Amino acid sequence: MSILRKIALGLVLLVLILLGLVAWMLRSRAEEIPDELPAINVAEADPQKLVIPGSGGLGDLVLADLKGRTVYIIVEDRESMAARESSAMSRAMARWSYPDTVSGFAVGDAEGFGLLASKIEEFIGPMRPELRLPLYIDFQGAITKTFKLPKGHVGIVVLDPAGAVVYRHSGKMEPAEIETLRGLLGATLPAPPPAPTFKVGELDNAACAGRTCTFVFLGARWPARTSRAASRASTAAPTTA
């Protein structure tokens, strides 16, 4: 076999190995979410000994150093993000106001992607200043192992000021569960701002004081030719309740 053929064969094998490695890394790791998450084994992995190395200007995340504060940790991976499992929870949490004694962190579960650590950090680096929470990348899978969270799903953990785990959840959250989380964090919804000065027909700020006024805005001009009932509806005053 000529040297050129040997080189070509070697390159083909290298490409196949790389493709196989990428396919293995990108395989689905999603685990079934049990009805009840397994108990945390403190002897095996004590949350108070958990340390997630920092990067991109962030110091290490050391849970033991956060005693005295209520702490919540949101855990995501590529599959949970693709499934948008955290959408409802994230929208709600972005609206809340938190006590000064609450600290939140986001952790990306990237176990098995250590070979791509530099590329991953390079990719998320510019995103960090725009994120609501400090973002850590866990290349060892320590966060899911410690808190017994299923792989492939969004997870959230809440620790009280004593460092005890008081809440864990995996997967999409329903409204009642989001409300439970809000209560645990002592978060509040911002009060709606007062209505600007307005006048629509017979309605204005004074007329709507103490009442609920509903306005329906049409996206286009009402058709010129319509039924008598629709004509009356188009010229009627806005609905009040």
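Presented here is an overview of the structure given in this document. (Residues numbered from 1 in each chain as written. Predicted model: local features only at pLDDT ≥ 70, side-chain atom pairs only at ≥ 80, totals over all residues. Heavy atoms only, no water.)

### Section: a positive patch on the surface
Moving on, step 1. A contiguous patch of positive charge on the surface is contributed by Arg84, Arg91, Arg95 and Lys172.
Moving on, step 2. If you trace the backbone, arginine 91 turns up in helix H3 (residues 87-95).
Moving on, step 3. Exposure remark for arginine 91: the relative accessible area of 52% places this residue in the exposed category. (Patch = residues over 30% accessible without salt bridge, like charges linked within 9 Å, V, L, I, M, F, W, Y side chains within 5 Å. Areas by Shrake-Rupley, 256 points an atom, 1.4 Å probe, with all protein chains shown as cover. Salt bridge = Lys/Arg side-chain N within 4 Å of Asp/Glu carboxyl O. Lys, Arg positive; Asp, Glu negative; His and termini not counted. Charge placed at Lys NZ, Arg CZ, Asp CG, Glu CD. Helix = DSSP H or I, 4+ residues; strand = E, 2+ residues; numbered from the N terminus. Buried < 20%, exposed > 50% of the residue type's maximum accessible area, 1.4 Å probe, protein only.)

### Overview of the state of the cysteines
Moving on, step 1. Within this structure, the stated rule accounts for 1 disulfide.
Moving on, step 2. Cysteine 208 shares a disulfide with cysteine 213; S-S distance 2.0 Å. Disulfide cysteine 208 to cysteine 213: torsion about the S-S bond roughly -110°, handedness left-handed. Side by side, cysteine 208 and cysteine 213 carry an identical accessibility label, which is buried. (Disulfide = S-S within 2.5 Å.)

### Points about a nonpolar patch on the surface
Moving on, step 1. Where nonpolar side chains cluster on the molecular surface, the patch consists of Phe123, Met127 and Leu131 and spans about 290 Å² of accessible area.
Moving on, step 2. Considering the arrangement of structural elements, one finds leucine 131 in the loop between helix H4 (117-124) and strand S5 (135-138).
Moving on, step 3. By relative accessible area, leucine 131 is classed as partly exposed at 35%.

### Details of the pairing of strand S3 (residues 70-76)
Moving on, step 1. Among the 7 residues in S3, 7 count as buried, and that is most of the element.
Moving on, step 2. Burial along S3 is two-sided: the face carrying Thr70, Tyr72, Ile74 and Glu76 and the face carrying Val71, Ile73 and Val75 are both buried.
Moving on, step 3. Pairing analysis gives 7 bridges linking S3 to strand S4 (residues 102-109), with the strands arranged parallel. When the sheet's bridge partners are listed, isoleucine 74 is paired in S4 with alanine 106. (Pairing = 2+ DSSP bridges.)

### Brief notes about H3
Moving on, step 1. What H3 keeps buried is the set Ser87, Met89, Ala92 and Met93.
Moving on, step 2. On the buried face of H3, the contacting elements are S3, strand S6 (155-159) and helix H6 (175-185). (Contact = heavy atoms within 4.5 Å.)

### A few points about the nonpolar core
Moving on, step 1. The biggest cluster of nonpolar side chains holds 25 residues, and the ones touching the most others in it are Tyr72, Met93, Ile156, Leu181 and Leu185.
Moving on, step 2. Elements represented by at least two residues in this core include exactly S3, H3, S4, H4, S5, S6 and H6.
Moving on, step 3. The residues contacting methionine 93, other than those within four sequence positions of it, are Tyr72, Ile74, Tyr98, Arg132, Ile156, Leu181 and Leu185.
Moving on, step 4. Ile52, Leu61, Ile73 and Phe147 belong to the second-largest nonpolar core, a separate cluster that totals 17 residues. (Core = buried A, V, L, I, M, F, W, Y, C linked by side-chain atoms within 4.5 Å.)

### A word on the packing of H3 against H6
Moving on, step 1. Here H3 crosses H6 at 40°, and the two axes come no closer than 11 Å. Once H3 is placed against H6, the crossing between them reads as right-handed. Between H3, through Ala88, Met89, Ala92 and Met93, and H6, the contact on the second element is made entirely by Ile178, Leu181 and Leu185.
Moving on, step 2. Looking at the contact of H3 with H6 residue by residue, the classes come out as 7 nonpolar, no polar and no charged. (Axes fitted to C-alpha atoms, helices over the stretch in contact; angles between N-to-C directions. Left-handed = near helix turned anticlockwise from the far one by under 90°. Nonpolar A, V, L, I, M, F, W, Y, C, P; charged D, E, K, R; others polar.)

### Focus on the pattern of salt bridges
Where side chains of opposite charge bring their charged atoms close, a pairing between them can arise.
Moving on, step 1. For the structure on display, the rule yields 6 salt bridges.
Moving on, step 2. The residue glutamate 111 makes a salt bridge to lysine 151 at a minimum N-O spacing of 2.5 Å. Placement of glutamate 111 in the loop between S4 and H4 and of lysine 151 in the loop between helix H5 (142-147) and S6 is noted, with a sequence separation of 40 residues between them.
Moving on, step 3. For glutamate 111, a relative accessible area of 22% gives the class partly exposed.
Moving on, step 4. Residue lysine 151 is classed as buried on the basis of its relative accessible area of 10%.
Moving on, step 5. Ionic contacts of the salt-bridge type, sharing partners, join the residues Asp109, Glu111, Lys145 and Lys151 into one network.

Geometry only, nothing functional implied.
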